[in-house]
Amino acid sequence: MILVTGATGNIGSALVRQLHGFGASRVRGLTRDAARASFPDGVEVVEGDLARPASLKPALDGVRSLFLVPGMGADADVLTTARQAGVEHVVLVSSITVRTHPHLPAAAGNLAVERLLQDSGMSWTILRPTQFASNALWWAESIREHRSIRVPYADIGLPAVHPADIAAVARTALAEPGHRGRTYPLTGPERTTPRQQAQAIGAAMGTEVSVEEISREEAHRRMAPFLGEQTAHAVLDLMGGDVNDELLTVHDTVRQVTGSPARPFARWAAENVAAFR
């Protein structure tokens, strides 16, 4: 039995579909509200809340492999509960910032969970993705209303990764041998700037999406009310204010692990074009 936490999220929902599509016979999706979840036939839906590890005990019954997205609850208690339930292998989604920006609070938090897992006594596989292609959804309202975006660092490109590729690597690690004790950096196939991403979204829509570059200061004023002062600065560093060679590096891990090349940003844009119309 494989338990997928965050099963209605960007990665988890794709992972559930891929596990089912590749013939995994026993897949269980964890959600806080089973009535609102929609999974393929044959996937078991279970309720539980990572913020209340005791609620996970029924969901973990018979589970031997676990997919975990941290930061959604009491990670140390979740891992302890999993180990006590007999889980043997955990695939953890961390972040490439553990390597590139370890001084940031979010990166330090991810590293702490990595170490908890490595010390847990369970087998582990750690995924460290870079910026998600789906972060472009931040622009959805602006594109719908104005056919334009206003961004800092418009011509600094990161190798954004399609969430389905994170799911594909997770599926392989959960369902196939040879991936325990491995840490995988995950990126898209090429660097893509915000300007190029806007062009790809426009092409998928059949229209032009214009780009206005704004200063870091203006971007921070816009972001801070929603993210907080410190987090807004951290996000802006990762967007272009404090990039380094390691953050910009394109890794071929998706192809190496799954046998299929990483999906380009344009594919994500085409698959999600409805969000921008």
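Scoring rules and cut-offs
- Residues numbered from 1 in each chain as written.
- Predicted model: local features only at pLDDT ≥ 70, side-chain atom pairs only at ≥ 80, totals over all residues.
- Heavy atoms only, no water.
- Helix = DSSP H or I, 4+ residues; strand = E, 2+ residues; numbered from the N terminus.
- Buried < 20%, exposed > 50% of the residue type's maximum accessible area, 1.4 Å probe, protein only.
- Salt bridge = Lys/Arg side-chain N within 4 Å of Asp/Glu carboxyl O.
- Core = buried A, V, L, I, M, F, W, Y, C linked by side-chain atoms within 4.5 Å.
- Contact = heavy atoms within 4.5 Å.
- Phe/Tyr/Trp six-rings, centres within 6.5 Å; stacked < 30°, edge-to-face > 60°.
- Pairing = 2+ DSSP bridges.
- Axes fitted to C-alpha atoms, helices over the stretch in contact; angles between N-to-C directions.
- Expected span 1.5 Å × (residues − 1).
- Parallel < 35°, antiparallel > 145°, perpendicular 65-115°, else oblique.
- Left-handed = near helix turned anticlockwise from the far one by under 90°.
- Nonpolar A, V, L, I, M, F, W, Y, C, P; charged D, E, K, R; others polar.

## Concerning the environment of glycine 178
Tracing the chain through its elements places glycine 178 in the loop between α7 (163–175) and β8 (182–186). A residue is classified by how much of its surface remains accessible, and glycine 178, at 59% relative accessible area, is exposed. Distance from glycine 178 to arginine 26, taken between C-alpha atoms, is 20 Å for residues 152 residues apart in sequence.

## As for the pattern of salt bridges
A complete count under the given rule lists 13 salt bridges for this structure. Here arginine 263 ties to aspartate 165 by a salt bridge, and the two come within 2.3 Å at their closest N and O atoms. With arginine 263 in the loop between α12 (253–258) and α13 (265–271) and aspartate 165 in helix α7, this residue pair connects regions lying 98 residues apart in the sequence. A salt bridge links arginine 255 to aspartate 252; its shortest N-O distance comes to 2.5 Å. Look at aspartate 252 and you get partly exposed, because its relative accessible area is 34%. When salt bridges that share partners are traced, they join Arg150, Glu212 and Glu218 into one network.

## As for the nonpolar core
The tendency in soluble globular proteins is for nonpolar side chains to be buried as a group. Counting 28 residues, the largest nonpolar core has Val4, Leu15, Phe67 and Leu127 as the members making the most contacts within it. Where this core is concerned, the elements lending two or more residues are β1 (2–4), α1 (10–21), β5 (89–93), α7, β8 and α12. Ranked by residue count, the leading element in this core is α7, at six residues. When near neighbours in sequence (up to four residues on either side) are disregarded, leucine 15 contacts Val4, Phe67, Ala167, Ala170, Arg171 and Leu174.

## Thoughts on the packing of aromatic side chains
According to the stated counting rule, one finds two aromatic pairs in the structure shown. With 5.6 Å between their ring centres and 35 degrees between their planes, phenylalanine 265 and tryptophan 268 make a pair best called tilted. In this pair, phenylalanine 265 and tryptophan 268 are both assigned in helix α13, three residues apart and thus about one turn of the helix distant. Residue tryptophan 268 is classed as buried on the basis of its relative accessible area of 2%. With a centroid separation of 6.0 Å and 75 degrees between ring planes, the pair formed by tryptophan 268 and phenylalanine 276 is classed as edge-to-face. The residues tryptophan 268 and phenylalanine 276 share a single accessibility class, namely buried. The structure contains a cluster of three or more aromatic residues connected by ring pairs, namely Phe265, Trp268 and Phe276.

## A look at the sheet that holds strand β3 (residues 44–47)
Read from one edge of the open sheet, seven strands run β3-β2-β1-β4-β5-β6-β8, paired in parallel fashion. The open sheet has two edge strands with one neighbour each: β3 and β8. Ignoring strand direction, the axes of neighbouring strands in this sheet form an average angle of 20 degrees. Note that β1 and strand β4 (residues 65–68) share three bridges and pair parallel.

## Description of α7
Its 13 residues place the ends of α7 18 Å apart at the C-alpha level, agreeing with the 18 Å of an ideal helix rising 1.5 Å per residue. Burial analysis of α7 places twelve of its 13 residues in the buried class, the great majority of the element. For α7, the complete set of buried residues consists of Pro163, Ala164, Asp165, Ile166, Ala167, Ala168, Val169, Ala170, Arg171, Thr172, Ala173 and Leu174.

## Some words on the packing of helix α9 (residues 216–227) against helix α10 (residues 229–241)
Each pair of packed helices gets described by two things: the angle between the helix axes and the distance between those axes. α10 packs onto α9 with a crossing angle of 135 degrees between their chain directions and a minimal axis gap of 8 Å. Between α9 and α10, the angle is such that the two are oblique. As α9 runs across α10, the sense of the crossing is right-handed. Contact with α9, carried on its side by Arg216, Ala219, His220, Met223, Ala224 and Leu227, involves Glu229, Thr231, Ala232, His233, Val235, Leu236, Asp237 and Gly241 of α10 and no other residues of that element. Grouping the amino acids of the contact of α9 with α10 by side-chain chemistry returns seven nonpolar, four polar and three charged.

## Details of helix α8 (residues 194–205)
With twelve residues, α8 extends 16 Å from end C-alpha to end C-alpha; this agrees with the ideal 16 Å at 1.5 Å per step. Within the span of α8, buried status applies to Pro194, Gln197, Ala198, Ala200, Ile201, Gly202 and Met205. Next to the buried residues of α8 lie α6 (140–146), β7 (148–151), β9 (210–213) and α13. Remark: glycine 206 follows α8 within two positions and exhibits a positive phi of approximately 80 degrees.

## Re unusual backbone geometry
A positive phi angle, close to 55 degrees, is found at arginine 147, a residue other than glycine. Locating arginine 147 in the fold gives a position in the loop between α6 and β7. A relative accessible area of 31% means that arginine 147 is categorised as partly exposed. For tyrosine 153, which is not glycine, the phi dihedral falls at a positive 50 degrees. Positionally, tyrosine 153 belongs in the loop between β7 and α7.

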